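An overview of the molecular structure
Now for the letters of each chain:
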Amino acid sequence: VSATGGGATTSSAIFLDAIAGGLSRVIINADRFFVTNTAGSVVSTVFQIVGGVVKMNVADIGTVNAGRILSPDGKFDLNVNGATKYLRIFF
């Protein structure tokens, strides 16, 4: 879908691909991604594209498997990759 209203044209789309060889993918073209409940109420803007970067606003995650967690300001750095592992906190 697309819309133009006194400014630049914006567009949004969902693509579903079934690729020979057993691969499949879902591509969402949007600036914001919402999740709704069965009543149709918007629960949260789950993802946003800000400056070309996908950002998650809120998450309730049971377990996170990550090699490194780094805060945006670089003051918290937890690295468990490779032989050298460390936790750095700067105030």
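In short, a report on the structure. Every value quoted in this text rests on a predicted model; they were computed, and no experiment measured them. Along each chain, numbering runs from 1 in the same order as the chain's sequence is written. With pLDDT at 70 or above as the cut-off, local features in this predicted model cover only qualifying residues; side-chain atom pairs require 80 or more to be listed or tallied, and sums for whole chains, interfaces and linings still use all residues. Only hydrogens and water are set aside; all other atoms, that is, all heavy atoms of the structure, feed into the side-chain values.

Some details on the environment of alanine 66
Spelled out, the test is: Secondary structure is summarised from DSSP: a helix means a run of H or I of at least four residues, a strand means a run of E of at least two, and numbering begins at the N terminus for each. Working definition: with a 1.4 Å probe on protein chains only, accessible area under 20% of the residue-type maximum means buried, over 50% means exposed, and in between means partly exposed.
Relative to the elements of secondary structure, alanine 66 occurs in the loop between β7 (53-56) and β8 (68-70). Residue class for alanine 66 comes out partly exposed when judged on its relative accessible area of 37%.

A short note on the packing of aromatic side chains
The test is simple: The criterion for an aromatic pair is that two Phe, Tyr or Trp rings (for Trp, the six-membered ring) have centres within 6.5 Å, with stacked assigned to planes under 30 degrees apart, edge-to-face to planes over 60 apart and tilted to the rest. Charge-over-ring placement is defined geometrically: NZ (Lys) or CZ (Arg) within 6 Å of the ring centre, and within 35 degrees of the ring normal.
Using the criterion set out here, one finds 1 aromatic pair in the structure. For the pair phenylalanine 33 and phenylalanine 47, a centre-to-centre distance of 6.0 Å together with 50° between the ring planes defines the contact as tilted. Residue phenylalanine 33 is found in strand β5 (residues 32-36), and its partner phenylalanine 47 is found in strand β6 (residues 42-50); the two are separated by 14 residues along the sequence. Above the ring of tyrosine 86, the side-chain terminus of arginine 88 is found at 3.9 Å from the ring centroid.

Concerning the pairing of strand β4 (residues 23-29)
The cut-off we apply is this: Strands were regarded as paired on the criterion that DSSP finds at least two bridges between them.
Here 7 bridges tie strand β3 (residues 13-19) to β4, and the two strands are oriented antiparallel to one another. Of the residues in β4, the one forming a bridge with leucine 16 is valine 26. Counted along the chain from β3 to the antiparallel partner β4, the turn is 3 residues long, and its residue glycine 21 has a positive phi close to 100°.

Overview of the side chain of aspartate 77
As a reminder of what qualifies: Any N or O atom pair separated by 3.5 Å or less is treated as a polar contact, with the protein-specific requirement of one donor-capable and one acceptor-capable atom, and with residues adjacent in sequence counted only for side-chain atom pairs. We call two residues contacting when some pair of their heavy atoms lies within 4.5 Å.
Along the chain, aspartate 77 falls in strand β9 (residues 76-79). Note on aspartate 77: relative accessible area 5%, which makes it buried. A polar atom in the side chain of aspartate 77 sits 3.4 Å from the side chain of tyrosine 86. With near-sequence residues (within four places) excluded, aspartate 77 lies in contact with Arg68, Ile69, Leu70, Tyr86, Leu87 and Arg88.

Notes on the sheet that holds β8
Applicable threshold: Orientation is described by lines fitted to C-alpha atoms, with helices fitted over the stretch in contact, and by angles between N-to-C directions that extend from 0 to 180 degrees.
With respect to topology, 3 strands assemble into an open sheet ordered β8-β9-β10, the strand pairing being antiparallel. Looking at the sheet topology across the chains shown, the edges are occupied by β8 and β10 (86-89). When the angles between neighbouring strand axes are averaged without regard to direction, this sheet yields 0°. As defined by bridge partners, β8 adjoins β9 across 3 bridges and the pair is classed as antiparallel. Note on β9: the bridge partner recorded for arginine 68 is asparagine 79.

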